[in-house]
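Summary of the model geometry
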Amino acid sequence: MELPCDGAGICMVCKNKPPSEETLACKTCVTPWHATCLVSPPQALSDTLQWECPDCSMIHAPSTSAFASGRSEDSGDLIASIRKIEDDKSLTEQEKAKKRQELLSGAAAGPSSLDGEEKKEKNDVLDILDKELTCSFCMQMLDRPVTTPCGHNFCLKCFQRWIGQGKRTCAYCRVQIPPKIASQPRINSTLVIAIRMARMSRSSNAGGAAKVYHFVHNQNRPDKAYTTERAKKAGKANACSGKIFVTVPPDHFGPIPAENDPERNMGVLVGEIWEDRLACRQWGAHLPHVAGIAGQSTYGAQSVALSGGYIDDEDHGEWFLYTGSGGRDLSGNKRTNKDQSFDQKFDKMNEALRLSCLKGYPVRVVRSHKEKRSSYAPETGVRYDGVYRIEKCWRKNGIQGFKVCRYLFVRCDNEPAPWTSDVQGDRPRPLPVIKELKNAIDITERKGSPSWDYEDEKSCWMWKKPPPASKKRVADNVGPEDGKVIRIIKRQKSNVSVREKLLKEFSCQICRKVMVNPITTPCAHNFCKACLEGAFAGQSLTRQRGQGRRTLRAQKNVMKCPSCTIDIADFLQNPQVNRELMGVIESLQQQAEQEKLDNISEECSEESDATEQRDLVADDQIAEEPKDESQNAQKQKKETDGDDIMDPSSNVQTMSPGKEQEASTTTDRASQ
């Protein structure tokens, strides 16, 4: 198959960027092609000046291969088919090139049944996103999308390549891009979650219905943690915990997949941010809302939290040094104590971490905004940063003079870290050099193969050994009440379509409803246009200083984004609607409404069929009632008489008119 080079000069066949001496430009369309990847490259140097690419040459002079394949189309039909492909707006440039080559080789003689099956198997939601959310550079679905202030979306790599060429205008509308956005582009997390959810819905539909593995008996808990007015101590430390939305057991190791997320069918995504530790607990990323380690000494550790609890911690993003628990006096009513007063030992939670190190279990890691010394911590809330693996652990003298347990965590997740712009996740990397190991004691290092490791063939991290079995109650052994709740959860999950879940993700962060005229701020947050303008209604962009005194220069008012602390005053002067995002929302709403109408019509037809069936059953019962009454009367008569002789007169009264005449003739003959 012959394909040209893309906009970045990379060949679509060999995926390499050819040097200038190996690049051919078509004399008609000036499209660059890789000469080495051509089936029939020009033989002489003089032929390169008048060389035509395969696409142009088959239009002007159709190749004999089209006729050699036994096709009955003439040159006019061939040109008409090519024009039809070019006019098809639903195809990308790469797909058009493939179809042109197939047409030339005779492979596309007519619409095949396989194409129809592929269209049926395609996910409607993913088709909508593929149609609306397309990068203007690579003509593919957006990958880690960046939204410009003018409301256009691009892939992060394509946007950075455009800016790297020294261009500071939007490639779509030529509006000036602010220097801050050009130097520090923000990824639109709403679009990332939507695209990931659509792709997961396709894989989940192909793999069958998701299962609910574990059930947490928490249907009486509130949707969100709260503190009552009568509580003696206000604050979240004294709050009632909210519902657990995932169905993994509390001792679950590794990432939380989509099949254990009946609410959204996405699982816990890397980069998700919650308001506090209690909200993080509701999604199972880290269950303890105070302790920094979740685990059991004889089973292993499932998750840790980096929240600035110990001054010995060192955070380097892809790897960090974690300090164990203990060593502080918390006797009496001492709930918190920053001073260490005795040595830490490998017991309790520290032993759980060491066991995870020996077994090679994945440990979920969340970072809190309370870790002020780390540049990888979020500005607000608690963020899930993926799974890490403990490679070594030891003990050493801490900063406060007492021995502390130390652990080397190295990231090993299939999803990229929130602070990077990489498309792929982690790859096996060499361990960092730790200087404090020279004076360390009780060094523990894994000798065998880890349970969670990288698979070269599949290019992903996965369980090489079966994960430890849960010691908690699973869904197969629950009581009748819990089983009823599980069935309700499954029914609700099956009734909620992917479109409705996506529409919930496309909600305004002010009114919490589906966005109308969506606007994406420079900090990559999405709001309704009316809601954002209403939040700053009555505020002027500048304020005058020096009233009553000498006149000073007007000062610019700081207008912070409702979701973060970034100033968006310049953006509010002329906010632009994100047209691509609005098109996706409108398409999803139309399909969701149509789906509801179809469901209503199906329910009405089922009800009418059930009504007809009930009417037929009722008619049959009415027809059978006289026969049953006569049989009961005869039975009662036999019981009262006590013998087998039947009274003809009494029998006549219970018979039908035809049978009554037969009985009377029989008695007359007997008397004669």
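Per chain, residue numbering runs from 1 following the sequence as it is written. Local features in this predicted model are restricted to residues whose pLDDT is 70 or higher, and side-chain atom pairs enter the listing and the counts only when it is 80 or higher, whereas totals over whole chains, interfaces and linings include all residues. By convention in this description, side-chain values take in all heavy atoms of the structure and omit both hydrogens and water.

**Here's the deal with the overall build of the protein**
Along the backbone of the protein there are 17 helices and 19 strands. Per-residue accessibility, obtained with a 1.4 Å probe over protein chains only, is compared with the maximum for each type, and a residue is labelled buried under 20%, exposed over 50%, and partly exposed between these values. For the protein, the residues scored as buried account for 39% of the 672 residues in total. The long-range share in the protein, meaning contacts at least 24 apart out of those at least 6 apart in sequence, stands at 59%. Total accessible area on the protein stands at roughly 39,300 Å², and carbon and sulfur atoms take up 49% of it. To qualify as a helix, a DSSP run of H or I must reach at least 4 residues; to qualify as a strand, a run of E must reach at least 2; elements of each kind are numbered from the N terminus. Any two residues having at least one pair of non-hydrogen atoms within 4.5 Å are treated as being in contact. Under the convention used here, a 1.4 Å probe and the Shrake-Rupley method define accessible areas, while residue burial counts only the protein chains that appear.

**Quick notes on the side chain of His-252**
Secondary-structure assignment places His-252 in the loop between helix 9 (189-207) and strand 5 (273-274). Between N or O atoms, a polar contact is any pair within 3.5 Å; within protein, one atom must be a potential hydrogen donor and the other a potential acceptor, and residues adjacent in sequence are included only when both atoms are from side chains. There is a polar contact of 2.9 Å between the side chain of His-252 and the backbone oxygen of Pro-255. Setting aside anything within four residues of it in sequence, one finds His-252 in contact with Pro-257, Gln-302 and Arg-364.

**A word on the pairing of strand 11 (residues 382-397)**
Within strand 11, 15 of the 16 residues are buried, leaving the element largely enclosed by the surrounding structure. Bridge count for strand 10 (residues 362-368) against strand 11 is 6 bridges, and the pairing is antiparallel. Among the inter-strand pairings, Val-363 is bridged to a residue of strand 11, identified as Tyr-388. Two strands are said to pair when DSSP picks up at least two bridges between them. Relative to strand 12 (residues 403-411), strand 11 runs antiparallel, the two sharing 9 bridges. The partner of Lys-392 across the bridge, within strand 12, is Leu-408. In this antiparallel pair of consecutive strands, strand 11 and strand 12, the connection spans 5 residues, and Gly-401 shows a positive phi of 95 degrees. Both strand 11 and strand 13 (residues 441-445) contribute to a ladder of 3 bridges, which runs antiparallel. By the bridge assignment, Arg-395 is partnered in strand 13 with Ile-441.

**Points about the pattern of salt bridges**
Basic side-chain nitrogens of Lys or Arg form a salt bridge, by our definition, when they fall within 4 Å of a carboxyl oxygen of Asp or Glu. Inspection of every chain in the model, using the stated rule, returns 18 salt bridges. Residues Glu-391 and Arg-389 are paired through a salt bridge, measuring 2.9 Å at the closest nitrogen-oxygen approach. Assessed through its relative accessible area of 10%, Arg-389 is described here as buried. The shortest N-O distance in the salt bridge between Glu-436 and Lys-396 comes to 3.8 Å.

**A closer look at the nonpolar core**
In this structure, Phe-506, Leu-532, Ile-568 and Leu-588 are the most contacted members of the largest nonpolar core, which totals 52 residues. Ranked by size, the runner-up nonpolar core spans 21 residues in total, among them Phe-245, Tyr-384, Trp-452 and Tyr-454. What is meant by a nonpolar core is a set of buried Ala, Val, Leu, Ile, Met, Phe, Trp, Tyr and Cys residues, joined one to another through side-chain atoms within 4.5 Å.

**Quick word on the confidence of the model for the protein**
Mean pLDDT over the protein: 77, with 74% of residues reaching 70 or higher. Low pLDDT, under 50, characterises residues 107-123; the predicted model gives this stretch 11 contacts beyond four residues in sequence or across chains. Each residue gets a pLDDT score, which is the predictor's confidence in that residue and runs from 0 to 100. For the stretch residues 642-672, pLDDT sits under 50, and the model shows 9 contacts to residues farther than four places along the chain or on other chains.

**Structural notes on the pairing of strand 6 (residues 293-296)**
Direction of pairing for strand 6 relative to strand 7 (residues 300-306): antiparallel, over a ladder of 4 bridges. Across the sheet, the residue bridging to Gly-295 is Ala-301, located in strand 7. Hairpin remark: strand 6 followed by strand 7, antiparallel, with 3 residues in the connecting loop.

**Comments concerning helix 7 (residues 156-164)**
Turning to helix 7, its buried residues are Leu-156, Cys-158, Phe-159, Trp-162 and Ile-163. One side of helix 7 holds all its buried residues, which, seen down the axis, span an arc of 165 degrees. In this structure, the buried side of helix 7 is in contact with strand 3 (145-147), strand 4 (153-155) and helix 8 (179-183). Residue Gly-166 follows helix 7 closely and has a positive phi angle near 85 degrees. An arc is given here, and it is the one of the directions from the helix axis to the C-beta atoms.

**Thoughts on helix 11 (residues 349-359)**
Because each turn of an α-helix spans 3.6 residues, side chains separated by three or four positions in sequence point in the same direction. Of all the residues in helix 11, the buried ones are Asn-350, Glu-351, Ala-352, Leu-353, Leu-355, Ser-356 and Cys-357. After helix 11 finishes, the residue Gly-360 shows a positive phi value of roughly 75 degrees.

**Let's talk about unusual backbone geometry**
The phi angle at Arg-174 is positive, at roughly 65 degrees, despite the residue not being glycine. As for its position among the elements, Arg-174 is in the loop between helix 7 and helix 8. For Ala-524, which is not glycine, the phi torsion reads 70 degrees and is therefore positive. With respect to the helices and strands, the residue Ala-524 is situated in the loop between strand 16 (518-520) and strand 17 (526-528). The exposure class of Ala-524 is buried, given its relative accessible area of 7%.

**Quick notes on the packing of aromatic side chains**
For Phe, Tyr and Trp, rings pair up if their centres lie within 6.5 Å, where Trp contributes its six-membered ring, and each pair is then called stacked (planes under 30 degrees apart), edge-to-face (over 60) or tilted (otherwise). Counted according to the given criterion, the structure contains 15 aromatic pairs. Ring geometry for Phe-320 against Tyr-322: centres 6.4 Å apart, planes inclined by 75 degrees, an arrangement best described as edge-to-face. When sorted by exposure, Phe-320 lands in the same class as Tyr-322, which is buried. Between Phe-320 and Phe-409 the ring centres are 4.7 Å apart and the planes differ by 10 degrees, which places this aromatic pair in the stacked class.

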